[in-house]
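Chain by chain, the residues run as shown.
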Amino acid sequence: MTDPVISARDLTVSYTLGRGLLGAKTQLHAVDGISLDIEKGSFFGLVGESGSGKTTLGRALLKAAPITGGSVEYRDEEVSHDLRDLSGAALKDYRKRAQLIFQDPYAALSPRMTVRDIIAEPLEVMGLTKSRAETDERVREIAGRCRLNLEHLRRFPHAFSGGQRQRISIARALVSGPRFIVADESVAALDVSIQADVLNLLRAIQQDMGISFLFISHDLSVVAHTCDHVAVMYLGRLVETAPTRSLFARPLHPYTSALLSAIPSLDPDETSQADKLEGEIPSPTAPPPGCKFHTRCRFARDACKRDVPQLRELAPGHRVACHFTEEFDFSRAPAVAPRRADATA
Ligand code: ADP
Ligand code: MG
């Protein structure tokens, strides 16, 4: 039984770039026909190299990037929204329910506002509280949940470390009472020791408040330790999506396998260079035909250059877009045991 908070069907986000010499416009498909369901209350990971379209997909699900094809539906206990034609009061309502946590805690916070005002701003802009006292109470409650001290509320962001600033950003995203949060590379700018701290906080929020997360990361090892479900994206398409345990136990797409091989092994004797990813991700303005990954896939055959593979379910909840996955064993992945972040808290 499924109960998704977000359902995308054949979602496309295309940008028209400047005209060339002959007046031809170039189309860039940042998101190229993606279908996915994010289950209510889940911590859903999205991974892929830089340039694969993760940020654009996340923003489209927040109606912050143009939906040029397909559909996105949001649904919680109270309302449902079709994001294609969302405007006016309905869009305002969606802004309250769906929020973004940025990557860079330094750039995201206004240096001239106190922490209290930074966290309170969405409440004031959206008109969600009736008095200053009510706003203050809400800010204090959320600051506490994000493990900020109440005396911190009077200070300015420069007084804080990277991890504390990220907690301020998280508090700001939470204050309107969202049901769905996109966390885009939210720990990438932090030291490894602080990353675990912030991940534990996000997991605690997801569990205590029942908020659904799309957790975007270029780092598969972070996702392995945090997410319930993982989708792997390449050049605007999903190539594999699975429960985390299933993905790490048996990756079915050669791209996923290559990403896994890139995770530094714990065993210094193990030299798993076999699946190492060669070359660079092609430009989305001129994607390869057929399977977009075929130019970098050492298993590619003629059919891969011609036919676009669709996602197929090969194990419960485990879907892959590869013509020949049954013929190869991509599962010789380095030993990265999926572990819940909260298990170490
Ligand atoms: P990722 O987050 O995985 O690194 P992005 O979603 O940022 O990927 O970008 C995917 C592709 O879309 C890139 O080639 C990027 O240059 C392009 N892109 C993103 N936003 C825009 C935009 N507003 N206009 C034109 N191209 C864009
Ligand atoms: Mg990005």
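Residues numbered from 1 in each chain as written. Chains lettered and ligands numbered in written order. Predicted model: local features only at pLDDT ≥ 70, side-chain atom pairs only at ≥ 80, totals over all residues. Heavy atoms only, no water.

1. Let's talk about the overall build of the protein chain
- When you go through the protein chain residue by residue, the secondary structure sums to 11 helices and 12 strands.
- For 345 residues, the compact-globule estimate of 2.2 N^0.38 gives 20 Å, and the C-alpha radius of gyration of the protein chain, at 21 Å, lies within 12% of that figure.
- Summarising its shape, the C-alpha atoms of the protein chain cover approximately 65 × 55 × 45 Å along the three principal directions.
- Considering the protein chain as a whole, with its 345 residues, one finds that 50% of them fall into the buried category.
- Long-range pairs, those at least 24 residues apart, make up 67% of the contacts in the protein chain between residues at least 6 apart in sequence.
- Roughly 16,200 Å² of accessible area belongs to the protein chain as shown, and the carbon and sulfur atoms make up 50% of that amount.
- Distance between charge centroids for the protein chain: 4 Å, based on 43 positive and 43 negative side chains. (Helix = DSSP H or I, 4+ residues; strand = E, 2+ residues; numbered from the N terminus. Rg over C-alpha atoms; globule rule 2.2 N^0.38 Å. Buried < 20%, exposed > 50% of the residue type's maximum accessible area, 1.4 Å probe, protein only. Contact = heavy atoms within 4.5 Å. Areas by Shrake-Rupley, 256 points an atom, 1.4 Å probe, with all protein chains shown as cover. Lys, Arg positive; Asp, Glu negative; His and termini not counted. Charge placed at Lys NZ, Arg CZ, Asp CG, Glu CD.)

2. Topic: the site of ligand 1
- Of all residues adjacent to ligand 1, which total 13 residues, the nearest are Gly-51, Gly-53, Lys-54, Thr-55 and Thr-56.
- The separation between an oxygen atom of ligand 1 and a polar main-chain atom of Gly-53 is 3.0 Å.
- Contacts to ligand 1 include Lys-54, whose side-chain N or O atom sits 2.8 Å from an oxygen atom.
- The protein chains hide 64% of the 560 Å² of surface that ligand 1 would expose on its own. (Near = heavy atom within 4 Å. Polar contact = N/O pair within 3.5 Å; in protein donor to acceptor, adjacent residues only side chain to side chain.)

3. Quick notes on helix α4 (residues 115-126)
- Among all positions of α4, only Val-115, Arg-116, Ile-118, Ile-119, Ala-120, Pro-122, Leu-123 and Met-126 are buried.
- Check the buried side of α4 and you find it contacts α2 (88-97), β6 (98-101), α5 (132-145) and α6 (162-174).
- After α4 finishes, the residue Gly-127 shows a positive phi value of roughly 65°.

4. As for the packing of aromatic side chains
- Throughout the structure, instances matching the rule amount to seven aromatic pairs.
- Each member of the aromatic cluster is reached from another via a ring pair, and the members are Phe-43, Phe-213 and Phe-215.
- For Arg-301, the ring lying beneath its charged end belongs to Phe-324, and the centroid distance is 4.4 Å. (Phe/Tyr/Trp six-rings, centres within 6.5 Å; stacked < 30°, edge-to-face > 60°. Lys NZ or Arg CZ within 6 Å of the ring centre and 35° of its normal.)

5. Digging into the environment of Asp-76
- As for its position among the elements, Asp-76 is in the loop between β4 (69-75) and β5 (80-82).
- In this structure, the C-alpha to C-alpha distance between Asp-76 and Ala-231, residues 155 residues apart in sequence, is 22 Å.
- Look past the residues within four positions of Asp-76 in its chain and what remains in contact with it is Lys-40, Arg-97 and Arg-179.
- Of the polar contacts made by the side chain of Asp-76, one reaches the backbone nitrogen of Val-79; its length is 2.8 Å.
- Of note is the side chain of Asp-76, whose polar atom sits 2.7 Å from the side chain of Arg-97.

6. Re the environment of Ser-110
- Positionally, Ser-110 belongs in the loop between α3 (105-108) and α4.
- Of the residues examined, Ser-110 reaches a relative accessible area of 30% and is grouped as partly exposed.
- Taking the C-alpha atoms as reference points, Ser-110 and Phe-160, 50 residues apart in sequence, are found 13 Å from one another.
- Residues in contact with Ser-110, not counting those within four places in the same chain, are Ile-118 and Pro-157.

7. Describing the domain arrangement of the protein chain
- On domain assignment, one finds that the protein chain holds domain 1 (40-67 + 80-218) and domain 2 (237-266 + 273-345).
- A straight line from the C-alpha centre of domain 1 to that of domain 2 covers 30 Å. (Domains from an automatic or database assignment.)

8. A look at the pattern of salt bridges
- Using the criterion set out here, one finds 22 salt bridges in the structure.
- The residue Arg-172 makes a salt bridge to Glu-121 at a minimum N-O spacing of 2.8 Å. Of the two residues, Arg-172 is situated in helix α6 and Glu-121 in helix α4; the sequence distance between them amounts to 51 residues.
- Arg-172 sits in the partly exposed class, given a relative accessible area of 28%.
- A single salt-bridge network, built from bridges that share partners, covers Asp-76, Glu-78, Asp-93, Lys-96 and Arg-97. (Salt bridge = Lys/Arg side-chain N within 4 Å of Asp/Glu carboxyl O.)

9. Thoughts on the sheet that holds strand β8 (residues 212-217)
- Reading across the sheet, the eight strands line up as β6-β7-β8-β3-β9-β10-β12-β11 and stay open at both edges, with mixed pairing between neighbours. A single partner strand is all that each edge strand has here, and the edge strands are β6 and β11 (312-315). In this sheet, adjacent strand axes meet at a mean angle of 20° when their direction is disregarded.
- Bridge count between β6 and strand β7 (residues 180-184): four bridges; the pairing is parallel. Among the inter-strand pairings, Ile-101 is bridged to a residue of β7, identified as Ala-183.
- The sheet strands contacting α2 are β6 and β7, and the helix crosses β6 at an angle near 50°. (Pairing = 2+ DSSP bridges. Axes fitted to C-alpha atoms, helices over the stretch in contact; angles between N-to-C directions.)

10. Description of the sheet that holds β5
- Pairing within the open sheet is antiparallel, and its four strands lie in the order β2-β1-β4-β5. Two strands close off the open sheet at either side, each with one partner strand: β2 (25-39) and β5. When strand polarity is set aside, the average angle formed by the axes of neighbouring strands in this sheet is 20°.
- Sheet analysis places β4 next to β5, joined by three bridges and oriented antiparallel. Bridging from a neighbouring strand, Glu-73 pairs with Asp-82 of β5.
- Here helix α1 (residues 54-61) sits on the sheet and contacts β1 (4-19), β2 and β4; the angle it forms with β1, its principal contact strand, is near 120°.
- Sheet contacts for α2: β1, β4 and β5; angle to β5, the most-contacted strand, approximately 115°.

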